[in-house]
Amino acid sequence: MNKLEKLLKERGPIKKIGVLGMGYVGIPAAVLFADAPCFDNVFGFQRNSKSSGYKIDMINRGECPLKGEEPGLDDLLARVVKAGKFECTPDFSKISELDAVTLAIQTPFANPKDLEPDFSALIDGIRNVGKYLRPGMLVVLESTITPGTTEGMAKQILEEESGLKAGEDFALAHAPERVMVGRLLKNIREHDRIVGGIDEASTRRAVELYSPVLTVGKVIPMSATAAEVTKTAENTFRDLQIAAINQLALYCEAMGINVYDVRTGVDSLKGEGITRAVLWPGAGVGGHCLTKDTYHLERGVKIGNGHLDYPEGADSIYVLARKVNDFMPVHLYNLTAAALERIGKSMKGSKIAMLGWAFIRDSDDARNTPSEPYRNLCLKADAEVMVHDPYVVNYPGVEISDDLEKVVRDADAVVFLAGHSAYFDVKADWVKKVTGKANPVLIDGRNVIEPDEFISKGFVYKGIGRGDKNEHLIL
Ligand code: SAJ
């Protein structure tokens, strides 16, 4: 038995837990730990900052500061607070009383241009843990991080701040979150949980921490760096699959065929051992995960000290996938300009009605939305742009209306950028009447409408992947 295993044995089973970062990852994680009978109590650590300090009192009143519907979370939080099993505090010194501490702190991009993550908040959190670290404690990073961070930067800061040695005096692991807004509790309980320690003892201790909160999911143990690669790769692979069908959509347009026929065809190849993850082409890829995790993975393989053997001068297919997906709003703009040109108009001076600002259907989440680059291209071409979205209420610098008629009125072009359910009921007659145009342009970025219904009413239609319709006769 090594020094760490002895320390963990002396300390006994995990009873007191701390969670740093009272956000959409930390809060459900904390209340689920608090709800587990085998744990005594949980502290939620929240800096008393101007922007988020209000959460401390709110949580201690048993109220959940997260907006949006989260089934079961309000009740569970109220219950564990009332039972005295969960308390939010700005007093980080309480960390020294704990057996395990997890960090669920966001790692956004400093600015989307240089694709470098902003680890400052996470580093703050790690420093705070290091300051109050005691022998035999377990530290777990839950944030999405560049592979190599746990073994590298995190371990280094914790050791500097505490004077203790990772893997000897304390256990260190990475357990990436896989939650999605709207299903936070369900995802934590039911998804399998990747748990990766810097050594065997750390992995085992982290498995002890997470097993009690899993109902359906099971723990999948591995090394800390393998866990970091798993998290970034699972999103990189999804982005790659979306890029594959987006590229096929562009090919189908060039070859004059319908990508949805081809998709149905390819998807029909079934049978044991046959897999074809054919996803859906669209106006682009937004959100918090797929737009950045590829770059975490790419950076991880670069900072790693191993030699990468890869085709000379070839782009990573993962980065290429990001470029294809980021091209889709540009392609949508090109379709809009080409359709306007067919009726002797140009972007300059035309009125564009954008339908959809959220990055995902039937959601108010607009993080890294593809609608933004599309709108910027239209404005750059001196078009007049109106934005509709039934869920997104505000977005810095963009006026968004939930009044569809107001946005569509007098439009030269109506463009679908999100697949919100409400849009599937939009009728050609209604759009034509409201735009007041003889040949309105209709651009479909999410396969929302049936082209013939609009083409037969004199619309100039172009849809992503619809090579079979995009050069139709104008009636
Ligand atoms: N998208 C397409 N075509 C598709 C699927 C998505 O264009 O076939 C676009 C969406 O419009 C959106 C973007 O990609 O703009 C992302 O969509 P998403 O469904 O991947 O939603 P996310 O970004 O919320 O991804 C999350 C991730 N979950 C976690 O990180 C825990 C991802 O790993 C999941 O695979 C994904 O949800 C999911 O499957 O729902």
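The rules behind these values
Residues numbered from 1 in each chain as written. Predicted model: local features only at pLDDT ≥ 70, side-chain atom pairs only at ≥ 80, totals over all residues. Heavy atoms only, no water. Helix = DSSP H or I, 4+ residues; strand = E, 2+ residues; numbered from the N terminus. Polar contact = N/O pair within 3.5 Å; in protein donor to acceptor, adjacent residues only side chain to side chain. Contact = heavy atoms within 4.5 Å. Buried < 20%, exposed > 50% of the residue type's maximum accessible area, 1.4 Å probe, protein only. Arc of directions from axis to C-beta. Phe/Tyr/Trp six-rings, centres within 6.5 Å; stacked < 30°, edge-to-face > 60°. Lys NZ or Arg CZ within 6 Å of the ring centre and 35° of its normal. Axes fitted to C-alpha atoms, helices over the stretch in contact; angles between N-to-C directions. Parallel < 35°, antiparallel > 145°, perpendicular 65-115°, else oblique. Left-handed = near helix turned anticlockwise from the far one by under 90°. Nonpolar A, V, L, I, M, F, W, Y, C, P; charged D, E, K, R; others polar.

To continue, consider the side chain of N258. Mapped onto the elements, N258 comes out in the loop between α9 (224-255) and α10 (259-267). Here the side chain of N258 touches R466 through a polar contact of 3.3 Å, side chain to side chain. In this structure, N258 is in contact with G465, R466 and D468, ignoring residues within four places of it in sequence.

Take helix α13 (residues 371-380) next. When α13 is considered as a whole, its buried residues turn out to be S371, Y374, R375 and C378. When α13 is viewed along its axis, its buried side chains cluster within an angular range of 95° and face the same direction. In the segment just after α13, D382 is the residue with positive phi, at about 60°.

Further remarks concern the packing of aromatic side chains. The geometry of an aromatic ring pair comes down to the distance between the two centres and the angle between the two planes. What the rule picks out here adds up to 9 aromatic pairs. Seen from their ring centres, F43 and F45 are 6.1 Å apart, and the 50° between their planes marks the pair as tilted. A residue is classified by how much of its surface remains accessible, and F43, at 8% relative accessible area, is buried. Take F45: its relative accessible area is 2%, and that puts it in the buried class. Centre to centre, the rings of W357 and Y395 are 5.3 Å apart; their planes meet at 70°, and the pair counts as edge-to-face. You can see W357 sitting in the loop between β9 (351-355) and α13 and its partner Y395 sitting in the loop between β10 (384-388) and β11 (400-401), a full 38 residues away along the chain. Of the two residues, W357 and Y395, neither departs from the other in class, the shared state being buried. For the cation-ring pair, R263 lies above W280, with the distance from its terminal atom to the ring centre recorded as 3.4 Å.

This part takes up the packing of α9 against α10. Between α9 and α10, whose axes approach to 9 Å, the crossing angle comes to 130°. Relative to α10, the element α9 is oriented oblique. Handedness of the α9/α10 crossing: right-handed. Here I245, L248, A249 and C252 of α9 lie close against α10, whose contacting residues are V259, V262 and R263. Considered class by class, the residues forming the contact of α9 with α10 number 6 nonpolar, no polar and 1 charged.

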